[in-house]
Amino acid sequence: MLAFLSVAVVGLVGLFLAGLGLSGLFAPGHVRRFLGGFAATAPRHYAELVVRMVVGLALLGAAPHLAGSAVVAGLGWVLLATTALMAVVPWRVHRGFAQRVVPRALVCLPALSVVSLAAGGAALWLAIAAAHDT
């Protein structure tokens, strides 16, 4: 049951990333506002931490059932480690970092959108393939 839930979360992450990529290509203003809103408030900061932790744990739980399990597990560990770091840093520091970095990254929004779309497709493919194998 835990493996099924983990794989389902990977599939949902794939849908999110694919949707984010498509939105970045066809509705970039929405994506700019969405990404610019991260860490704007303490509740958003903590919500991001919870989502990152759930996704990181899901990647670790799903990894044995997915192709490229070492890469998936590695991504899960990176996500959990960076989430732990963010948890000990005051949210205002996160906000300041986001205010400096997000505008610079958004200069490359078309490329980031394509990468997001590809990553979402890969996550969906992995989740669907795992669902067929179980």
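A quick note: this is a predicted structure, and the numbers were derived from the prediction, not measured.

Engineer: Before we move on, can you summarise the side chain of Ser116 with the specific residues and values?
Structural biologist: Locating Ser116 in the fold gives a position in helix H6 (residues 109–133). We classify Ser116 as buried; its relative accessible area is 10%. A distance of 2.7 Å separates a polar side-chain atom of Ser116 from the backbone oxygen of Leu17.

Engineer: Explain the environment of Val89 to me, and be specific about the residues and the numbers.
Structural biologist: Its location among the elements puts Val89 in the loop between helix H4 (69–88) and helix H5 (91–106). In contact with Val89, other than residues within four places in its own chain, are His45 and His94.

Engineer: So what about the nonpolar core? Which residues, and what values?
Structural biologist: If you look at the biggest cluster of nonpolar residues, it comprises 14 residues, and the most contacted ones within it are Val7, Val10, Leu59, Ala62, Leu66 and Val72. At the level of secondary structure, the elements contributing two or more residues to this core comprise helix H1 (2–26), helix H3 (42–62), H4 and H6. Broken down by element, this core gets its largest block of residues, four residues, from H6. Beyond its immediate stretch of four places on either side in the chain, Val7 contacts Ala62, His65, Leu66, Ala127 and Ala130. The next biggest cluster of nonpolar side chains, apart from the first, holds seven residues, and it includes Leu20, Val31, Val102 and Leu109.

Engineer: Please give an account of the environment of Ser69 that cites residues and values.
Structural biologist: Relative to the elements of secondary structure, Ser69 occurs in helix H4. Residue classification places Ser69 among the partly exposed positions, given a relative accessible area of 32%. Between the C-alpha atom of Ser69 and that of Leu20, which follows or precedes it by 49 residues, the distance is 24 Å. When residues no more than four places from it in sequence are discounted, the contact partners of Ser69 are Ala63 and Pro64.

Engineer: Please provide a residue-by-residue account of the packing of H1 against H6, values included.
Structural biologist: One way to put it is that H1 packs onto H6 with a least axis distance of 7 Å and a crossing angle of 155°. When the axes of H1 and H6 are compared, the pair comes out roughly antiparallel. As H1 runs across H6, the sense of the crossing is left-handed. Contact residues: H1 offers Val7, Val10, Gly11, Gly14, Leu15, Leu17, Ala18, Leu20, Gly21, Leu22, Gly24 and Leu25, while H6 offers Leu109, Pro110, Ser113, Val114, Ser116, Leu117, Ala119, Gly120, Ala123, Leu124, Ala127 and Ala130.

Engineer: Account for the packing of aromatic side chains, naming residues and giving values.
Structural biologist: Within the structure shown, the criterion is met by two aromatic pairs. Within the aromatic cluster, the residues linked to one another by ring pairs are Phe16, Phe34 and Phe38.

The rules behind these values
- For every chain, the first residue of the written sequence is number 1, and numbering continues from 1 along that sequence.
- Where local features are concerned, this predicted model is filtered to residues with pLDDT of at least 70; where side-chain atom pairs are given and counted, the filter is 80 or more; whole-chain, interface and lining totals use all residues.
- Derived side-chain values reflect all non-hydrogen atoms in the structure, with water molecules and hydrogen atoms excluded from consideration.
- Secondary structure elements follow DSSP: runs of H or I no shorter than four residues count as helices, runs of E no shorter than two count as strands, and numbering proceeds from the N terminus.
- The rule is simple: take the accessible area with a 1.4 Å probe, protein chains only, and divide by the maximum for that residue type; under 20% is buried, over 50% is exposed, in between is partly exposed.
- Polar contacts, as used here, are pairs of N or O atoms within 3.5 Å; protein pairs need one atom able to donate a hydrogen and one able to accept it. Residues neighboring in sequence count only if both atoms are side-chain atoms.
- Whether two residues are in contact is decided by their heavy atoms: any pair within 4.5 Å suffices.
- Only buried residues count toward a nonpolar core, which is a set of Ala, Val, Leu, Ile, Met, Phe, Trp, Tyr and Cys residues joined through side-chain atoms within 4.5 Å.
- Simply put, an axis is a line fit to the C-alpha atoms, just over the touching stretch for a helix, and the angle between two N-to-C directions goes from 0 to 180 degrees.
- Angle categories are assigned with fixed cut-offs, so that under 35 degrees is roughly parallel, over 145 is roughly antiparallel, 65 to 115 is roughly perpendicular, and the rest are oblique.
- Should the near helix be turned anticlockwise from the far one by less than a right angle, the crossing is termed left-handed; should it be turned clockwise, right-handed.
- Here is the rule: rings of Phe, Tyr and Trp (six-membered ring for Trp) pair when centre to centre is within 6.5 Å. Planes less than 30 degrees apart are stacked, more than 60 are edge-to-face, and the remainder are tilted.

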